[in-house]
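# An overview of the molecular structure
Listed below are the residues making up each chain.
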Amino acid sequence: MAEPTDLSLADAELVAFVEAVRQDLGPPARAVGAAELRRLQRLRVEARPQGPEIPWIEDLTVGSTAVRARLYRPSAAARALVVFLHGGMWTIGDLESHDRACRRLALKTDTAVLSVDFRRAPEHRWPAAVDDCVDVIRWASTSAGSSAGIAGPTIVMGDSSGGNLAALSCLRLRDEGGPLPAAQILVYPNTDLTLSHPSARTKATGWGLSTDDVAWGAEQWVPDPSRRADPDVSPVFNSNLRGLPPAVVVTAEHDPLRDEGDAYAARLAAADVPVRHRCEAGMVHGFLTLDTISPAAAAAGDRVFADVADLVIRLQ
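Residues numbered from 1 in each chain as written. Predicted model: local features only at pLDDT ≥ 70, side-chain atom pairs only at ≥ 80, totals over all residues. Heavy atoms only, no water.

So, about the overall build of the chain. Counting its secondary structure elements, the chain contains eleven helices and eight strands. Its C-alpha radius of gyration of 18 Å places the chain within 12% of the 20 Å reference for a compact globule of 316 residues. Based on the C-alpha atoms only, the size of the chain along its principal axes is roughly 55 × 40 × 35 Å. When the 316 residues of the chain are sorted by exposure, 57% land in the buried category. (Helix = DSSP H or I, 4+ residues; strand = E, 2+ residues; numbered from the N terminus. Rg over C-alpha atoms; globule rule 2.2 N^0.38 Å. Buried < 20%, exposed > 50% of the residue type's maximum accessible area, 1.4 Å probe, protein only.)

See below:
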């Protein structure tokens, strides 16, 4: 049974956004395919206002496998480095799709932000994206200070499937002996590729992200359905979350991924990992990139950035 569909959303702009989604759901991702989804996303990004000006932006290749990345530096004395892993169902998203969000993050937190252009499915299945992200985090934790002039702690942050990659990267680094990032920021993260938590059914369609589209993305990244409950791809099923970095986990009320994100936050806390967790009331999935559409979405993003800034202060 679906939850009531009254538009109990955070502002009128989100109501209009969701009503437009419901009037034209469009074809599902599995009917469109990765190449066309990427083309359509590029068009949306090109139509969006550019983010705020940043004094220093540089495209780099980093790590032992030369992963493409983009470094944003709001000041010469940035207080920390945030390794940012973009969302996009493991199949879409890139340096451009989250450029505006990374600019806002850098300015709001006075941190350097390193956005990672990891390999995507279906061309590159699991674990390619995790391999790339771990490689970049290792570089950031051991070399970035000297090679890029960035002092302070390294934090990993990801939204949606990028939150999945951030969580998986922390788990692998813990198991391999580090170096661990100083903190992890997980924004409406995928933690359960089986999509077995209740909100995957109750918020399955009509809120901007459909459960079937997420399922299609999971199929591209992990084709073998028997692997999707494996803790190496679905961190909520990991039996040991001890020893992980402090976490901020932010979910959204009207999001099919809500319950799996909430469950992961609860499991981290039960494993004695310091966790700051909240579910944004009246909010939908993807609010970090909806700031030009909805003031409430912009404010929700600002609250995440405030969490990051507060963590940086606490870590210094």
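Still more ground to cover, so stick around.
On to the packing of helix H4 (residues 99–109) against helix H11 (residues 295–315). Between H4 and H11, the shortest axis-to-axis distance is 9 Å and the interhelical angle comes to 50 degrees. Viewed along their axes, H4 and H11 adopt a mutual orientation that is oblique. Of the two elements, H4 crosses H11, and the hand of that crossing is right-handed. Residue-level inspection shows Ala-101, Arg-104, Leu-105, Lys-108 and Thr-109 of H4 in contact with H11, the latter providing Ala-298, Gly-301, Asp-302, Phe-305, Val-308 and Ala-309. Split into classes, the residues belonging to the contact of H4 with H11 amount to six nonpolar, two polar and three charged. (Axes fitted to C-alpha atoms, helices over the stretch in contact; angles between N-to-C directions. Parallel < 35°, antiparallel > 145°, perpendicular 65-115°, else oblique. Left-handed = near helix turned anticlockwise from the far one by under 90°. Contact = heavy atoms within 4.5 Å. Nonpolar A, V, L, I, M, F, W, Y, C, P; charged D, E, K, R; others polar.)

What follows is about the environment of Arg-79. Tracing the chain through its elements places Arg-79 in the loop between strand E2 (67–73) and strand E3 (81–85). Exposure remark for Arg-79: the relative accessible area of 24% places this residue in the partly exposed category. Put simply, Arg-79 and Thr-109 are 30 residues apart on the chain and 8.6 Å apart in space, counted from C-alpha to C-alpha. In contact with Arg-79, not counting residues within four places along its chain, are Thr-109, Asp-110, Thr-111, Ala-151, Gly-152, Pro-153, Ala-309, Val-312, Ile-313 and Gln-316.

Moving on, we come to the sheet that holds strand E7 (residues 247–254). Taken together, eight strands build an open sheet; the order of strands is E1-E2-E4-E3-E5-E6-E7-E8 and the sheet is mixed. Sheet topology places strand E1 (56–62) and strand E8 (275–284) at the edges, where each strand pairs with a single neighbour. The sheet shows a mean angle of 20 degrees between the axes of neighbouring strands, direction not considered. Against the sheet, helix H7 (residues 161–175) contacts E3, strand E5 (154–159) and strand E6 (183–187), and its axis sits at roughly 140 degrees relative to E5. (Pairing = 2+ DSSP bridges.)

This part covers the pairing of E5. Burial within E5 is extensive, with six of its six residues counted as buried. Residues Thr-154, Val-156 and Gly-158 of E5 are buried on one face, and the alternating residues Ile-155, Met-157 and Asp-159, pointing to the opposite face, are buried as well. Two elements, E5 and E6, share five bridges in a ladder whose sense is parallel. Paired with Met-157 across the two strands is Ile-185, which belongs to E6. Read from E5 through H7 to E6, the crossover connection turns out right-handed. (Right-handed = clockwise from strand over helix to strand, strands pointing away.)

The subject of this paragraph is the state of the cysteines. Applying the stated rule across the entire model yields zero disulfides. Cysteine Cys-133 shares no disulfide, and the gap to the nearest cysteine sulfur, in Cys-170, comes to 11 Å. The class of Cys-133 is buried, set by a relative accessible area of 0%. (Disulfide = S-S within 2.5 Å.)

Here the focus is the pairing of E2. The element E2 is largely enclosed, with a buried count of six among its seven residues. As judged from the seven bridges shared by E1 and E2, these two strands associate in the antiparallel manner. In the sheet register, Leu-60 faces E2, and the bridge partner there is Ala-69. Here E1 hands over to E2 after four residues, with Gly-63 in that stretch at a positive phi of 80 degrees. Of the pairings in the sheet, the one linking E2 to strand E4 (residues 112–116) comprises four bridges and is antiparallel in character. Each residue of the ladder has a partner; that of Arg-70, found in E4, is Ser-115.

Distances and angles like these do not, on their own, reveal function.
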